[in-house]
Amino acid sequence: MDFNLKKLTSDAGVFFTRAVQFTEEKLGSAEKTELDTHLENLIARADCTKNWTEKIFRQTEVLLQPNPSARIEEFFYEKLDKKIPSRTTNGELLGQYMLDAAKDFGPGTPYGSTLITVGEYQIRLGGAEREFLQTSAINFLTPLRNFLEGDWRTISKERRLLENRRLDLDICKARVKKAKQAEAKAAAEPDFQETRPRNYVLSASASALWSEEVDKAEQELRVAQTEFDRQAEVTRLLLEGISSTHVNHLRCLHEFVEAQATYYAQCHQYMQELQKELSSANSNTYPNSFASNANPSTSATCPSPVSSATLPGVSPPCLASTSTPGIAREPSGQLKIQDVQQPSTGHRKAKVLYDYDAHDTSELSLLADELITVYTVPGMDPDWLVGERGNQKGKVPVTYLELLS
């Protein structure tokens, strides 16, 4: 108990002395030992690495898991060293809802069968997202977390120890300086000095005492200098290891980008397949009402609710070209839509599903949820209809419409 108390008292004294030295340095009343330029540059580089690694790590977590409650839950599981429970992705949950809805609406109905198709692809998209999240967490987030919670903590500990060694060194320097000044002052005083009544001290004796104090302070200074140099070398070696950290993080960054590319490529592929299936289902659902005897040489645009600018690899629409006799055409071979007359029978109402911007004067721009009248004309591609809204008329893509009875 006495030993522990003495140690506690000693530690408290050292802490107080260091606090005094630190305060005096901040106030400019004490000298401070500066680190060499190379070590200062390494420290600045390490701080920059830590700060940006932390920001990138936090923002990547937000990207992979936007729900803050879920992130907090995962954090507690990690701290408790427990396995994080498997969580259903939003895509998988949406797909399951669509499949359940199709059972109630009837799998044989157009709406029910389409819900099944879209739901299955949503589940595939959710599975691709789950795989991307797992790969990114292992190959990118984990190395960054290991650096922040492992290597950086070690570096911070050694840097704090280096700062303490520097304070001890400056304290010893100040003590030697004060002892030498006192020794010189004692040597310059006369043989006898009356400091207090009936208290006489020989000047030679005082000088000898201060000389011993100087020797003791210089010995402590040499020890403090040795410990400071040793700690500075240890800290320097750790800080130089930041270069290896950069190399490791660079490799992890490549793996993260590769996982992203794979994920987006899978999503693109699934969406293209889904669009093809929906387009084929639409043409099979309404074959008699809008299918026509298309000329084999006819070529038309291939509209898609998803813009080709957002999905690389999707071909842009091609212009329609027909050669059916009896239909007014432009010199380029396109139909003169304005001259087409609405047939007495075969026209019906349609609800617009998505906004559509006309590409030229032969097409009609659409707004989601509006109702228009549509019909077909001989020689027109089955993927297109003629739409009318009041006095406006133009071609419209079938995939943007829900045909009403």
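Residues numbered from 1 in each chain as written. Predicted model: local features only at pLDDT ≥ 70, side-chain atom pairs only at ≥ 80, totals over all residues. Heavy atoms only, no water.

1. Regarding the pairing of strand E4 (residues 371-375)
The element E4 is largely enclosed, with a buried count of four among its five residues. Taken together, the four bridges between strand E3 (residues 348-352) and E4 define a ladder with antiparallel strand orientation. Residue pairing in the sheet places Ala350 in a bridge with Ile372 of E4. As judged from the three bridges shared by E4 and strand E5 (residues 384-389), these two strands associate in the antiparallel manner. Each residue of the ladder has a partner; that of Tyr375, found in E5, is Val386. (Buried < 20%, exposed > 50% of the residue type's maximum accessible area, 1.4 Å probe, protein only. Helix = DSSP H or I, 4+ residues; strand = E, 2+ residues; numbered from the N terminus. Pairing = 2+ DSSP bridges.)

2. Remarks on the nonpolar core
Soluble globular proteins: nonpolar side chains tend toward being buried together. Within the largest apolar cluster, 37 residues are counted, with the highest numbers of intra-cluster contacts made by Leu35, Leu39, Phe132, Leu162 and Leu239. Listing elements by their share of this core, those giving two or more residues are helix H2 (37-64), helix H4 (90-105), helix H5 (110-188), helix H6 (203-240) and helix H7 (242-285). Counting residues per element, this core draws most heavily on H5, which supplies 16 residues. Setting aside chain neighbours within four positions, we find Leu239 in contact with Leu39, Leu42, Ile43, Ala46 and Ile155. (Core = buried A, V, L, I, M, F, W, Y, C linked by side-chain atoms within 4.5 Å. Contact = heavy atoms within 4.5 Å.)

3. Some words on the pattern of salt bridges
What the rule picks out here adds up to 17 salt bridges. A salt bridge links Arg165 to Asp168; the nearest nitrogen and oxygen atoms lie 4.0 Å apart. Taken as a pair, Arg165 and Asp168 lie in helix H5 at a separation of three residues, close to a single helical turn. Arg165 gets classed as partly exposed once you look at its relative accessible area, which sits at 22%. The shortest N-O distance in the salt bridge between Arg165 and Glu227 comes to 3.8 Å. (Salt bridge = Lys/Arg side-chain N within 4 Å of Asp/Glu carboxyl O.)

4. A closer look at the pairing of strand E6 (residues 392-397)
Of all six residues in E6, five are buried, a share of seventy percent or more. Here E5 pairs with E6 via six bridges, running antiparallel. Note on E6: the bridge partner recorded for Gly387 is Gly394. Connecting the antiparallel pair E5 and E6 is a turn made up of two residues, with Gly390 showing a positive phi of about 65°.

5. Focus on a nonpolar patch on the surface
A cluster of nonpolar side chains, contributed by Leu250, Leu253 and Val257, occupies part of the molecular surface with about 260 Å² of accessible area. Tracing the backbone shows Leu250 in helix H7. (Patch = residues over 30% accessible without salt bridge, like charges linked within 9 Å, V, L, I, M, F, W, Y side chains within 5 Å. Areas by Shrake-Rupley, 256 points an atom, 1.4 Å probe, with all protein chains shown as cover.)

6. Quick word on the packing of aromatic side chains
All told, the structure shown has eight aromatic pairs when counted by the stated rule. Centroid distance Phe147 to Trp152: 6.3 Å. Interplanar angle 50°. Geometry classified as tilted. The exposure class of Phe147 is buried, given its relative accessible area of 2%. Through pairs of rings, three or more aromatic residues link up here, namely Phe132, Phe140, Phe256, Tyr263 and Tyr264. The ring of Trp52 is capped by Lys55, whose NZ or CZ atom sits 4.6 Å from the centre of that ring. Sitting over the face of the ring of Tyr121, Arg124 holds its NZ or CZ atom 4.6 Å from the ring centroid. (Phe/Tyr/Trp six-rings, centres within 6.5 Å; stacked < 30°, edge-to-face > 60°. Lys NZ or Arg CZ within 6 Å of the ring centre and 35° of its normal.)

7. What about H4?
For H4, which comprises 16 residues, the first-to-last C-alpha distance of 22 Å matches the rise-based estimate of 22 Å (1.5 Å per residue) to within 8%. Within H4, the full set of buried residues consists of Gly91, Glu92, Gly95, Met98, Leu99 and Ala102. Angular distribution of buried residues about the axis of H4 spans 120°; they occupy a single face of the element. In H4, the exposed residues that point more than 90 degrees away from the buried face are Asn90, Tyr97 and Asp104. Count one or two residues on from H4 and you reach Gly106, which has phi positive near 105°. (Expected span 1.5 Å × (residues − 1). Arc of directions from axis to C-beta.)

8. A few points about the confidence of the model for the chain
In this model, the chain carries an average pLDDT of 79, and 74% of its residues clear a pLDDT of 70 or more. Counting interchain partners and residues more than four positions distant, the pLDDT-below-50 stretch residues 196-202 has 10 contacts. Here residues 287-333 scores under 50 on pLDDT; set against residues more than four positions off or in separate chains, the count is 78 contacts. (pLDDT = per-residue confidence, 0-100.)

9. A look at the environment of Met271
If you trace the backbone, Met271 turns up in helix H7. Judged by its relative accessible area of 24%, Met271 is partly exposed. Sequence separation of Met271 and Leu125 is 146 residues, and the distance between their C-alpha atoms is 8.9 Å.

10. Remarks on the side chain of His249
For His249, the location among the structural elements is in helix H7. A relative accessible area of 12% means that His249 is categorised as buried. Sequence-distant contacts of His249, defined by excluding residues within four places in its chain, comprise Thr53, Pro143, Leu144 and Phe147.

11. Some points on the packing of H4 against H5
Taken N-terminus to C-terminus, the directions of H4 and H5 make an angle of 160°; their axes are 7 Å apart at the nearest point. Judged by the angle between their axes, H4 and H5 are roughly antiparallel. In this structure, H4 meets H5 at a crossing whose hand is left-handed. Residues of the contact of H4 with H5, tallied by class, amount to 11 nonpolar, eight polar and four charged. (Axes fitted to C-alpha atoms, helices over the stretch in contact; angles between N-to-C directions. Parallel < 35°, antiparallel > 145°, perpendicular 65-115°, else oblique. Left-handed = near helix turned anticlockwise from the far one by under 90°. Nonpolar A, V, L, I, M, F, W, Y, C, P; charged D, E, K, R; others polar.)

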